[in-house]
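Chain residues, written in single-letter form:
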Amino acid sequence: MKRFEIPGGEIIEIRHILLDYNGTLAVDGSPIPGVREKINQLKDGFHFHVITADTFGSVKEALKDTACEVVTIPAGNQAQAKADYLKKLGEDVTLTCGNGVNDELMLEQAVLGVAVLQEEGLAVRTLTAADILIKDILDLFGFLENPGRLIACLRS
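So, here is what we can say about the structure in this document. Each residue is numbered by its place in its chain's sequence as written, counting from 1. A pLDDT threshold of at least 70 governs which residues receive local features in this predicted model, and a stricter bar of 80 or more applies before side-chain atom pairs are shown or counted, although totals over entire chains, interfaces and linings include all residues. As a rule here, side-chain values come from all non-hydrogen atoms in the structure, and water together with hydrogens is ignored.

1. Some details on the overall build of the protein
- Put simply, DSSP H or I for four residues or longer makes a helix, DSSP E for two residues or longer makes a strand, and each gets a number counted from the N terminus. Secondary structure assignment for the protein yields seven helices and 10 strands.
- Between the two quantities, the radius of gyration covers C-alpha atoms and the globule rule is 2.2 Å times the number of residues to the power 0.38. For 156 residues, the compact-globule estimate of 2.2 N^0.38 gives 15 Å, and the C-alpha radius of gyration of the protein, at 14 Å, lies within 12% of that figure.
- Dimensions along the principal axes, computed over C-alpha positions, put the protein at roughly 45 × 30 × 30 Å.
- Here the term buried applies to any residue with accessible area under 20% of the maximum for its type, exposed to any over 50%, and partly exposed to those in between, with areas from a 1.4 Å probe on protein chains only. Counting the 156 residues in the protein, one finds 51% classified as buried.
- What makes two residues a contact is simply this: any of their non-hydrogen atoms within 4.5 Å. For the protein, the share of sequence-separated contacts (at least 6 apart) that also reach a separation of at least 24 residues comes to 52%.
- When the accessible surface of the protein is totalled, it reaches about 7,300 Å², and 49% of it is carbon and sulfur.
- Residues scored as charged are limited to Lys and Arg (positive) and Asp and Glu (negative), so that His and the chain ends carry no count. Lysine's charge is taken at NZ, arginine's at CZ, aspartate's at CG and glutamate's at CD. For the protein, the centre of its 15 positive side-chain charges and the centre of its 23 negative side-chain charges are spaced 4 Å apart. What sets the accessible areas is the Shrake-Rupley method with a 1.4 Å probe; for residues, cover comes only from the shown protein chains.

Here's what the structure looks like:
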């Protein structure tokens, strides 16, 4: 768990990182270069969870040597399934990251919701539910490794 003290704001404690897969950690079903390595480097500070309907059927094999729990959800009502999983982890100690309409609820309900805009696009509804927008998933790991970046972004 890591504690972030935001000047003029709140204290955020993050224990879990809940990540969408396709469009967030992966493009067309293949992990973005550097993602697996970053998760493995940061595994001692956070519990990583990847939640997906696994559109391409590749997530378990693609992340087999990665320090994360992979959660596959049914194709129907994905937004609610992701929000329900977030509730189990604890909304007040979980950072979420995603790009699709089915990520909107989890970004909105988490202590910190991060929208990512990459090759597969970003749903506007999800963007407006987020606290932060990043241009690349590796930027998220930069926030976790260098807390000053997160603090600078969120200070009021």
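Moving on, there is more to tell.
2. Considerations on the nonpolar core
- By nonpolar core is meant a set of buried Ala, Val, Leu, Ile, Met, Phe, Trp, Tyr and Cys residues that side-chain atoms within 4.5 Å join together. Counting residues in each nonpolar core, the largest one holds 35 residues, and the members touching the most others are Ile17, Phe48, Leu140 and Leu144.
- The element that contributes the greatest number of residues to this core is helix H6 (residues 137-145), accounting for five residues.
- In contact with Ile17, other than residues within four places in its own chain, are Phe46, His47, Phe48, His49, Leu95, Leu140 and Leu144.
- Counting residues in hydrophobic clusters, the runner-up holds 13 residues, among them Leu18, Ile51, Leu86 and Ala115.

3. A short note on helix H1 (residues 35-42)
- Of the residues making up H1, those classed as buried are Val35, Ile39 and Leu42. The arc enclosing the buried residues of H1, seen along the axis, measures out at 75 degrees, which places them on a common side.
- The inward-facing, buried residues of H1 abut strand S3 (16-20), strand S6 (47-52), strand S7 (68-72) and H6. By arc we mean the arc of the directions from the helix axis to the C-beta atoms, nothing more.

4. Focus: the sheet that holds strand S10 (residues 132-134)
- Two strands form a pair only when DSSP identifies at least two bridges running between them. Spatially, the six strands line up as an open sheet ordered S7-S6-S3-S8-S9-S10, and their pairing is parallel. Whereas interior strands pair on both sides, the edge strands pair on one side only; in this sheet they are S7 and S10. Sheet twist, expressed as the average angle between the axes of neighbouring strands with direction ignored, equals 20 degrees.
- With four bridges connecting them, S3 and strand S8 (residues 94-98) associate as parallel partners. Considered in S8, the bridge of Leu18 is made with Thr96. Axis definition: a line fit to C-alpha positions, over the contact stretch in the case of helices; interaxial angles, taken between N-to-C directions, run 0 to 180 degrees.

5. As for the environment of His47
- With respect to the helices, strands and loops of the structure, His47 is situated in strand S6.
- Taking the C-alpha atoms as reference, His47 lies 23 Å from Gly57; in sequence the two are 10 residues apart.

6. Regarding the packing of H1 against H6
- Remark: H1 packs on H6, axes separated minimally by 10 Å, with the N-to-C direction vectors making an angle of 20 degrees. Between H1 and H6, the angle falls in the class roughly parallel. Here the hand of the crossing between H1 and H6 comes out left-handed. Residues Val35, Lys38, Ile39, Gln41 and Leu42 of H1 form the contact with H6, whose participating residues are Ile137, Leu138, Phe141, Leu144 and Glu145. By the definition adopted for this analysis, an angle is roughly parallel if under 35 degrees, roughly antiparallel if over 145, roughly perpendicular if from 65 to 115, and oblique otherwise. A crossing counts as left-handed when the near helix is turned anticlockwise from the far one by less than a right angle, and as right-handed when that turn is clockwise.

7. Let's talk about the packing of aromatic side chains
- Aromatic contacts are taken between Phe, Tyr and Trp rings whose centres are within 6.5 Å, Trp giving its six-membered ring; a plane angle under 30 degrees counts as stacked, one over 60 as edge-to-face, and the others as tilted. As enumerated under the stated definition, the model contains two aromatic pairs in all.
- Here the aromatic rings of Phe46 and Phe48 are separated by 6.3 Å at their centres, their planes lie at 70 degrees, and the arrangement is edge-to-face. We note that Phe46, like Phe48, is buried.
- One aromatic cluster in this structure is built from Phe46, Phe48 and Phe141.

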